Amino acid sequence: MRSFFIFNCLLIPLVFVSGKSRLGEYYTGFGFGVVDEATNAFEGDNFNIFVNSLASEPMDFTFEYSYSGLETNSSRDTVWELGVGIRYHFDQFYDNQGMFRPFLGLGVNYLGDPASLLLEEDGLGWSIEAGAEISFTQSFSFLCFAELYGLWKDFQYNDFKIQSEFTWWMDEEHGLSVSYSRAVDPKVDYFLFKYLYSWR
């Protein structure tokens, strides 16, 4: 739970700030952080890269690759995941004073988890997500969503993840964010710092 404590310490001073949208934008980036399992069965670090691009006016195309190096009591294992998806955002809640954007998403991915640390098996998977973003200025935004994901070959292998993220755009091209996510069934916490570059 170390990452959860760090995240909340950073969350408190940012509650009252506002943000630029992470939806309907062109950007790429990378992140690095820590991974904690609640019973201390393993811990380690995580690196990911991601791309967000418009597929149409209300829909985004997403790409993400994530790699974790995890230390268990007896060995060092790796977990990696490659995924693509689409997000449909509902833009009718926008006004001149701010923005609230609910969204729904679908995705496919491949999970490489030889030691079965996150799911009972690895392989080709699916994901369904629902969430919202709140932004008020061109500098800060808050994104949160819940994701149900699992394996195509057997739907009993699934899990639920909750994620929240604050983003600070330093200018029209460069941004920083802090992200916390929790995989519910394996009780795994992820805490990451991310850099974003928007090319349009």
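Below is a short write-up of the structure. Along every chain, residues carry numbers that run from 1 in the direction the sequence is written. The predicted origin of the model limits local features to residues at a pLDDT of at least 70 and limits the giving and counting of side-chain atom pairs to 80 or more, whereas totals for whole chains, interfaces and linings rest on all residues. Only hydrogens and water are removed before side-chain values are computed, so all heavy atoms of the structure are retained for them.

This paragraph deals with the overall build of the protein chain. Helical segments are the DSSP runs of H or I of at least four residues, strand segments are the runs of E of at least two, and each set is numbered from the N terminus. Summing up its helical and strand segments, the protein chain has one helix and 10 strands in all. When the helices and strands of the protein chain are read in sequence order from the N terminus, they spell out α-β-β-β-β-β-β-β-β-β-β. Here the protein chain holds 200 residues, and the buried ones make up 46% of them. A contact between two residues is defined here by any heavy atoms of the two lying within 4.5 Å. The contacts of the protein chain with a sequence gap of at least 6 include a subset with a gap of at least 24, amounting to 53%. Note on areas: Shrake-Rupley with a 1.4 Å probe; residue coverage comes only from the protein chains shown. Of the roughly 10300 Å² of accessible surface on the protein chain, 63% is carried by carbon and sulfur atoms. Here's how the labels work: a residue is buried when its accessible area is under 20% of the maximum for its type, exposed when over 50%, partly exposed in between, all with a 1.4 Å probe on protein chains only.

The next subject is the nonpolar core. For our purposes a nonpolar core is just a set of buried Ala, Val, Leu, Ile, Met, Phe, Trp, Tyr and Cys residues, chained together by side-chain atoms within 4.5 Å. Counting 15 residues, the largest nonpolar core has Val35, Phe42, Leu70, Val79, Leu118, Val188 and Tyr190 as its most contacted members. Top contributing element to this core by residue count: strand 10 (residues 188-197), with three residues. Leaving out residues up to four positions away in the same chain, Val188 has contacts with Val35, Asp36, Glu37, Phe42, Leu118, Ser181, Arg182 and Ala183.

With phi around 65 degrees, Asn40 is a residue other than glycine that occupies positive phi space. Examined against the element boundaries, Asn40 turns out to sit in the loop between strand 1 (27-37) and strand 2 (42-56). Phi at Lys187 is positive, roughly 55 degrees, even though this residue is not glycine. Counting through the fold element by element, Lys187 comes out in the loop between strand 9 (174-183) and strand 10. The partly exposed category is assigned to Lys187, whose relative accessible area is 42%.

Turning our eyes to something else, we now look at the environment of Asn52. By the secondary structure assignment, Asn52 is in strand 2. Note on Asn52: relative accessible area 2%, which makes it buried. With 26 residues separating them in the primary sequence, Asn52 and Tyr26 have C-alpha atoms 5.6 Å apart. Within 3.5 Å is the distance limit for a polar contact, defined as a pair of N or O atoms, with the added protein rule that one can donate a hydrogen and the other accept it, and that residues adjacent in sequence qualify only through two side-chain atoms. At 2.9 Å, the side chain of Asn52 and the backbone oxygen of Glu25 are in polar contact.

All right, on to the environment of Val188 then. The topology assignment puts Val188 in strand 10. On a C-alpha basis, the gap between Val188 and Leu117 in space is 9.7 Å, while along the polypeptide they are 71 residues apart.

Looking now at the packing of aromatic side chains. Two measures describe an aromatic ring pair: the distance that separates the ring centres and the angle between the ring planes. Under the pairing criterion, centres of Phe, Tyr and Trp rings, with the six-membered ring standing for Trp, must be within 6.5 Å; the plane angle then separates stacked pairs below 30 degrees from edge-to-face pairs above 60, leaving the rest tilted. Counted according to the given criterion, the structure contains 13 aromatic pairs. Centre to centre, the rings of Tyr88 and Phe90 are 5.1 Å apart; their planes meet at 75 degrees, and the pair counts as edge-to-face. Pairing Phe140 with Trp168 gives two aromatic rings, centres 6.3 Å apart and planes at 15 degrees, and the pair type is stacked. One end of the pair, Phe140, is in strand 7 (residues 140-151); the other, Trp168, is in strand 8 (residues 158-169), and 28 residues separate them in sequence. Of the aromatic side chains, those joined through ring pairs into one cluster are Phe30, Phe47 and Tyr195. Stacked on the ring of Phe145, the Lys or Arg Arg87 has its end atom at 5.0 Å from the ring centre. Criterion for a charge above a ring: Lys NZ or Arg CZ within 6 Å of the ring centre, and within 35 degrees of the ring normal. Above the face of the Tyr26 ring, Arg200 is positioned so that its terminal group lies 4.5 Å from the ring centre.

The term salt bridge refers to a side-chain nitrogen of Lys or Arg lying within 4 Å of a carboxyl oxygen of Asp or Glu. The final tally for this structure, using the stated rule, is seven salt bridges. Note that Arg87 is salt-bridged to Glu129, the shortest N-O span being 2.5 Å. Residue Arg87 is found in strand 4 (residues 76-89), and its partner Glu129 is found in strand 6 (residues 123-135); the two are separated by 42 residues along the sequence. Per residue, the accessibility class of Arg87 equals that of Glu129, and both read buried. For Lys153, the salt bridge identified is with Glu121, shortest N-O distance 2.9 Å. Remark: Glu121 occurs in the loop between strand 5 (99-112) and strand 6 and Lys153 occurs in the loop between strand 7 and strand 8; sequence separation between them is 32 residues. Residue Lys153 is classed as exposed on the basis of its relative accessible area, which comes to 54%. Counted as one network, the salt bridges with shared partners bring together Arg22, Glu165 and Lys194.

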